[in-house]
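Residue-level listing of the chains:
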Amino acid sequence: MLQVRVWRGAERGEFQLFEVPRLESQTVLDVVTYIQRRCDPTLSYRFACRVGVCGSCAMSVNGQSRWTCRTHVSKVAADDRLEIAPLRNLPVVKDLVTDMREFFDKWARARGRFQGDKRRTDDFARVSPESRERRLVDASIECIGCGVCYSACDVVTWNPDYLGPAALNRAWTLVNDVRDVAADQRLMAVAGDAGCHACHTHMNCTERCPKQISPTAGIAGLKRLVLDAAVKGRL
Amino acid sequence: MNARSQVLLWGAQRASAMVLALCVVVHLATIIYAVRNGLSASEILGRTRGNGGWLVFYAIFVAAVAIHAPIGLRTILAETLGWRSRGADVFAMVVALSLAMWGWRAVWAVFH
């Protein structure tokens, strides 16, 4: 049997202990689902795809932010004990559900929306897969918006205005998109104390990202581009 | 403070860090070399008095410290105490000027 402590309540609350049968190839999401279906139907949590695509099931597992649908119990519960809590750095709505609004609002603040200048009647843009820009995009584009990096980032904890690794990674992806025409405005949006320059390169985001993206590398790239723009008076 | 100024401060801190890395190595190597026969004020002053090379070196060292440390202090104040107002910027500037003034005063004292 697994001894599972699960956060109950909102910002204030406490851990509740459940016993869950240990099964082969069991994921942490399986454990949470078992608790809700067999032990306490009032437990709130989020999930959708169960296969690591949607990014909705991220939680804190034994103190580390993880995507629970792809985290096997055998990997994290060496002594058959689990402590499952909501993601850090986000307001808790109830139990394991966090309010993700600020997380996604920061994507918008970082100008995380593609802005092109082509019409549907124009020809396709041709981007070589071998080009430097496209390779940089490849390295950062697979973000699923799970919030694991944001939850793992100490700078977000210390500086609530900080845009965070996911939003900055998105900005970096678009800065390298040769079809996008809002690069300078985007650099302006991610500049300064609440933007990329607040990053201390702790690399918690890179360590924890379930998609093996390195937001730290993207943030470092943004820092260089923004400094160049500031020195040349484009900011 | 506007975003451009914040970015330039970040750039100044990185640039001053590069200068400091070099200065600290030279400074430590000098200490190790200088203390091989014991350390005395007369020996230090014998090396620095009237030596324009050391004057320029330590003047640059002090300038790098005066730029680097207050920018970092400003971030620490913001992140640990939540002090993000203009007052924090002024405080960091006062620290910068103090470090520069006392540092250059000391450099001049061992040169003159």
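Residues numbered from 1 in each chain as written. Chains lettered and ligands numbered in written order. Predicted model: local features only at pLDDT ≥ 70, side-chain atom pairs only at ≥ 80, totals over all residues. Heavy atoms only, no water.

### What to know about the packing of aromatic side chains
- In this structure the tally under the stated criterion is 13 aromatic pairs over all chains.
- Aromatic side chains Phe104(A) and Trp107(A) sit 6.0 Å apart centroid to centroid with 55° between the ring planes, which places their arrangement in the tilted category. Here Trp107(A) and Phe104(A) lie together in helix α3 (residues 101-109), a separation of 3 residues that amounts to about one turn.
- Classification of Phe104(A) as partly exposed rests on a relative accessible area of 40%.
- Taking the centre distance of 5.5 Å and the plane angle of 40° together, the rings of Trp108(B) and Phe111(B) count as tilted. With Trp108(B) and Phe111(B) both in helix α4 (residues 86-111), this residue pair falls 3 residues apart, about one helical turn.
- Clustering of aromatic rings is evident, with ring pairs tying together Phe103(A), Phe104(A), Trp107(A) and Tyr150(A).
- A cation sits over an aromatic face here: Arg179(A) above Phe114(A), 4.7 Å from the ring centre.
- The ring of Tyr33(B) has Arg36(B) lying over it, and the distance from NZ or CZ to the ring centre is 4.2 Å. (Phe/Tyr/Trp six-rings, centres within 6.5 Å; stacked < 30°, edge-to-face > 60°. Helix = DSSP H or I, 4+ residues; strand = E, 2+ residues; numbered from the N terminus. Buried < 20%, exposed > 50% of the residue type's maximum accessible area, 1.4 Å probe, protein only. Lys NZ or Arg CZ within 6 Å of the ring centre and 35° of its normal.)

### Examining the sheet that holds strand β5 (residues 81-85) of chain A
All names here are of chain A.
- If you trace the 5 strands from one edge of the open sheet to the other, you get β2-β1-β5-β3-β4, paired in mixed fashion. Single-partner strands in this sheet number two, and they are β2 (13-20) and β4 (64-67). Neighbour-to-neighbour, the strand axes of the sheet open up by a mean angle of 35°, direction not taken into account.
- Where strand β1 (residues 2-9) and β5 come together, 4 bridges link them in parallel fashion. In the sheet register, Val 6 faces β5, and the bridge partner there is Ile 84.
- Across the face of the sheet, helix α1 (residues 28-39) comes into contact with β1, β2, β3 (58-61) and β5 while running at roughly 90° to β2. (Pairing = 2+ DSSP bridges. Axes fitted to C-alpha atoms, helices over the stretch in contact; angles between N-to-C directions. Contact = heavy atoms within 4.5 Å.)

### Things to note about the domain arrangement of chain A
All names here are of chain A.
- Parsing chain A into structural domains produces domain 1 (2-98) and domain 2 (101-231).
- Centre-to-centre separation of domain 1 and domain 2, based on C-alpha positions: 29 Å.
- Across the boundary between the two partners, domain 1 contributes 13 residues, which contact 16 residues of domain 2.
- Summing both partners gives a buried area of about 1200 Å² for domain 1 against domain 2, and 51% of it is carried by carbon and sulfur.
- When the shortest N-O distance is used, the salt bridge between Arg 88 and Asp 154 registers 3.2 Å.
- At the junction of domain 1 with domain 2, the criterion picks out 10 residue pairs in polar contact (both at pLDDT 80 or more). (Domains from an automatic or database assignment. Buried area = accessible area lost by both parts, 1.4 Å probe. Salt bridge = Lys/Arg side-chain N within 4 Å of Asp/Glu carboxyl O. Polar contact = N/O pair within 3.5 Å; in protein donor to acceptor, adjacent residues only side chain to side chain.)

### Regarding the interface of chain A and chain B
- Counting residues at the interface gives 18 residues for chain A, matched by 12 residues for chain B.
- When chain A packs against chain B, the two sides together hide about 1200 Å² of surface, and 60% of this comes from carbon and sulfur.
- Our enumeration of links across chain A and chain B arrives at 1 salt bridge.
- Taken together, chain A and chain B are joined by 5 residue pairs in polar contact (both at pLDDT 80 or more).
- Secondary structure elements with two or more residues in the side of chain A that touches chain B: α6 (154-158) and α10 (215-231) of chain A.
- Tallying contributions element by element places α10(A) first for the side of chain A that touches chain B, with 5 residues.
- Residue composition of the side of chain A that touches chain B, by class: 11 nonpolar, 5 polar and 2 charged. (Nonpolar A, V, L, I, M, F, W, Y, C, P; charged D, E, K, R; others polar.)

### Topic: the pattern of salt bridges
- For the structure shown, the criterion picks out 20 salt bridges over all chains.
- Note that Asp138(A) and Arg134(A) form a salt bridge whose closest N and O atoms lie 2.6 Å from each other. Of this pair, Asp138(A) and Arg134(A) both sit in helix α4 (residues 132-140), 4 residues apart, which is roughly one turn of that helix.
- Residue Arg74(B) is joined to Asp89(B) by a salt bridge in which the shortest nitrogen-to-oxygen separation is 2.6 Å. Within this pair, whereas Arg74(B) is found in helix α3 (residues 52-81), its partner Asp89(B) is found in helix α4, the two being separated by 15 residues in sequence. Each member of the pair, Arg74(B) as well as Asp89(B), carries the same accessibility label: buried.

### Looking at α3(A)
All names here are of chain A.
- Taken together, the buried positions of α3 are occupied by Phe 103, Lys 106 and Trp 107. Along α3, the residues classed as buried sweep out an arc of 105° about the axis, all on the same side. Exposed residues on α3 whose side chains face more than 90 degrees from its buried face are Arg 101 and Ala 108.
- Where α3 is buried, its residues meet α5 (148-152) and α7 (165-175).
- Downstream of α3 by one or two residues, Arg 111 has phi in the positive range, about 55°. (Arc of directions from axis to C-beta.)

### Some points on unusual backbone geometry
All names here are of chain A.
- Despite not being glycine, Thr 201 has its phi angle at roughly 60°, a positive value.
- By relative accessible area, which is 42% here, Thr 201 ends up partly exposed.
- At Met 203, a position not held by glycine, the phi torsion is positive, near 70°.
- Along the chain, Met 203 turns up in the loop between α8 (183-189) and α9 (204-208).

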